[in-house]
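Reading the structure
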Amino acid sequence: MSELKPQPTAETVDIEKTNLLGLSPVQMKEYFESIGEKSFRATQLIKWIHQQGVSSFDEMTNLSKPLREKLERLAVIRAPEVVSDHLSKDGTRKWIIRVEGGSCIEAVLIPEAGRGTLCVSSQVGCSLDCSFCSTGKQGFNRDLTSAEIIGQVWIAAKFYDSMGATQRRVITNVVMMGMGEPLMNFDNVVAAMQLMMEDNAYGLSKRRVTLSTSGVVPKLDQLADHVDVSLAISLHAAEDELRNELVPINRKYPIAKLMESAQAYIARMPDLRRKLTIEYTLIDQVNDRPEHAEKLAVLLADVPCKINLIPFNPFPLSDYKRSSGNAIKKFQDILIRSGFTATVRATRGEDINAACGQLAGAVNDLTRRSQRYRDRAESVLKVVEAPN
Ligand code: SAH
Ligand code: SF4
C-alpha cells in the first residue's frame, strides 16, 4: 500500500511554481525536458518572455492550449515590482524596484547619443564595505535571484516598449555596476548575463555586457569557464596600503593577485583586441595626487586596458569629497602622457541620486554596520531638525 502524501495547499503550489523569467537558455531547455516537453519549447518561451515582454502563458499563441494550461499549473513569469521611476533632467532614468522580502534595489538607464546603458544591481546591499560607496554603507541583505537581475532588463525594455520604442534601440549596453558585488552572486549573475547575450532574448554582444568587480579573485578565476563578457576592475589605488583602506577586500586579495587574475581572464578570451577597463574613483586628497597617477601608470604599464576616472559622487554622511576639476585634469593628463586611454566619466543623474555609487535602495537589513550608519543618520537628522 502506498503511503499517503500530504496534499499541497494552494499556497504551497504557488511557492513551488518555477519562475521562468530568470532561467538561462540551458536551464530553460532542462526545465522543459524535466516536465516531459520538447526542448525547442525553451526557445519559444525565451522569445515570448524577453523579446515580447509577455508574462502570461495565455498570450503565447504558438503553444497548444494543453501546454499553456500545464505551464499555468507548474510555472510563473514573475518580475520584481516597480515602486517608482525617476527621470533626471539629463535624461537618466532610475527605477526603484521592490524585491521579495520587501527591500528595494535600483536600476538606472543612461541614454547617450546612439546608445543606452542600463546599470543593473546584483545584490540587495553589499557585504564588501568599500569606504566610498553608499551601497556598501547599507550593509548586506541578500543575493538577487537571476529573475530579479534579468528582471531589471525586462522592466526597462518593457518600459520603453510601452513608450513606442524598440528595446534594442534603447538598451544597447548593460553594466553590472548597480548595487552589489556581482562576483559574490556568481551563479545568478552568470545566468542573467547569458540571457542578456542570448540572440533569442536581448541579443547584446559580449563587448556590450560588462561585469564590474572590486576583486573577488577566486570567483574571477572561474568566470572564463562560464561566460565571456567585458571586464571592469574597480581599482581606485595602485598601492595595497591605500587600497586596503578604500576597498577592504584587497586585504584578502591584493593588487598583484587581482591584476594577474584579471589579465588571465581577458587572455583566455578569443578576441585579441579585448582590453580591461580600470575604474578609478577620484577622491579629494585621498587618491588623486600626481604621484598616485604616476604609480597607476607604472602598475598598468603592461596591462591591455583603458582607464575610466570616476569623480567621487558624494552621498549623505560620507566625509569624502570629490576631487577638484583641476586635480582630475592633472591626473588624466599624466595617464594620457604615459600612453593610456583615460576618460573621465560624466556624472549622470545626480539630481535623482542615480550616479555611480549613490545607489542605496532601501535595504531591510540590520547588520551592525548598517545599524551604525542609520544611528549616525538619525543623530545628524536630529541636529538638523533641532529648533534653534
Ligand atoms: N561591486 C562592483 C560593482 C558596483 S559599484 C564594484 O565595486 O565594481 C560600480 C562602480 O562604482 C565601482 O567602480 C565602484 O567603485 C564605483 N563607486 C562606488 N561608490 C562610488 C562613489 N561614491 N562615487 C563614484 N564611484 C563609486
Ligand atoms: Fe560593494 Fe562595489 Fe560598493 Fe564596494 S563599490 S561596497 S564592492 S558595491
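Before reading further, recall that the structure is shown in the block above.
Description of the structure in this document. (Residues numbered from 1 in each chain as written. Chains lettered and ligands numbered in written order. Predicted model: local features only at pLDDT ≥ 70, side-chain atom pairs only at ≥ 80, totals over all residues. Heavy atoms only, no water.)

With respect to the environment of Val-229
For clarity, the threshold we go by: A run of DSSP states H or I qualifies as a helix once it reaches four residues; a run of E qualifies as a strand once it reaches two. Both are numbered from the N-terminal end. Every residue pair with non-hydrogen atoms within 4.5 Å of one another is taken to be in contact.
Structurally, Val-229 can be placed in the loop between α9 (217-223) and β11 (230-234). Spatially, the C-alpha atoms of Val-229 and Lys-206 are 4.7 Å apart, while their sequence positions differ by 23 residues. Those residues within four positions of Val-229 in sequence are excluded, and the remaining contacts are Met-193, Met-197, Lys-206, Val-209, Leu-211, Tyr-265 and Arg-274.

Notes on the pattern of salt bridges
Side chains carrying opposite charge are able to pair once their charged atoms draw close together. Applied cut-off: Here, a salt bridge means any Lys or Arg side-chain nitrogen found within 4 Å of an Asp or Glu carboxyl oxygen. Each residue's exposure class comes from its accessible area (1.4 Å probe, protein chains only) as a fraction of the maximum for that residue type: buried when under 20%, exposed when over 50%, partly exposed otherwise.
Taken as a whole and judged by the stated rule, the model has 16 salt bridges. With a shortest N-O distance of 3.4 Å, Arg-115 and Glu-112 are connected by a salt bridge. A residue is classified by how much of its surface remains accessible, and Arg-115, at 39% relative accessible area, is partly exposed. For Glu-279, the salt bridge is made with Arg-345, and the minimal N-O distance between the two is 3.4 Å. Of this pair, Glu-279 sits in strand β12 (residues 276-282) while Arg-345 sits in the loop between β14 (342-344) and α14 (368-385), and the two are 66 residues apart along the sequence. On the basis of relative accessible area, Glu-279 is assigned to the buried category, the value being 3%.

Details of the packing of helix α2 (residues 25-34) against helix α3 (residues 40-51)
Going by this rule: Note on definitions: angles span 0 to 180 degrees between N-to-C directions of axes, and those axes are lines fitted to C-alpha atoms, for helices only across the stretch in contact. Here the word oblique covers every angle except those under 35 degrees (roughly parallel), over 145 (roughly antiparallel) and from 65 to 115 (roughly perpendicular). Helix crossings get a hand from a simple test, with the near helix turned counterclockwise from the far one by less than a right angle marking a left-handed crossing and a clockwise turn marking a right-handed one. Under the grouping applied here, Gly and all other residues not named as nonpolar or charged are polar, the nonpolar ones being Ala, Val, Leu, Ile, Met, Phe, Trp, Tyr, Cys and Pro and the charged ones Asp, Glu, Lys and Arg.
The N-to-C vectors of α2 and α3 enclose an angle of 125°; their axes lie 8 Å apart at closest approach. In terms of orientation, α2 lies oblique with respect to α3. Considering how the two elements wind past one another, α2 and α3 form a crossing that is right-handed. Side by side, α2 and α3 meet where Pro-25, Met-28, Lys-29 and Phe-32 of the first sit next to Arg-41, Ala-42, Leu-45, Ile-46 and Ile-49 of the second. For the contact of α2 with α3, a count of residues per class yields seven nonpolar, no polar and two charged.

Re the packing of aromatic side chains
When we look at a pair of aromatic rings, we describe it by the centre distance and by the angle of the planes. Note the cut-off: Each Phe, Tyr or Trp ring (for Trp, its six-membered ring) is paired with any other whose centre lies within 6.5 Å, and the angle between the two planes then decides the class: stacked below 30 degrees, edge-to-face above 60, tilted in between. Two conditions define a charge located above a ring, namely a distance within 6 Å from the ring centre to NZ of Lys or CZ of Arg, and an angle within 35 degrees of the ring normal.
Taken as a whole and assessed by the stated rule, the structure comprises seven aromatic pairs. Residues Tyr-280 and Phe-331 carry aromatic rings whose centres are separated by 5.0 Å and whose planes lie at 40° to one another, so their mutual orientation is tilted. With Tyr-280 in strand β12 and Phe-331 in helix α13 (residues 325-337), this residue pair connects regions lying 51 residues apart in the sequence. Each of the two residues, Tyr-280 as well as Phe-331, counts as buried. An aromatic cluster is present here, built from Trp-95, Phe-159 and Tyr-160 joined pairwise through their rings. Its end group placed over the ring of Phe-186, Lys-219 keeps NZ or CZ at 5.4 Å from the ring centre.

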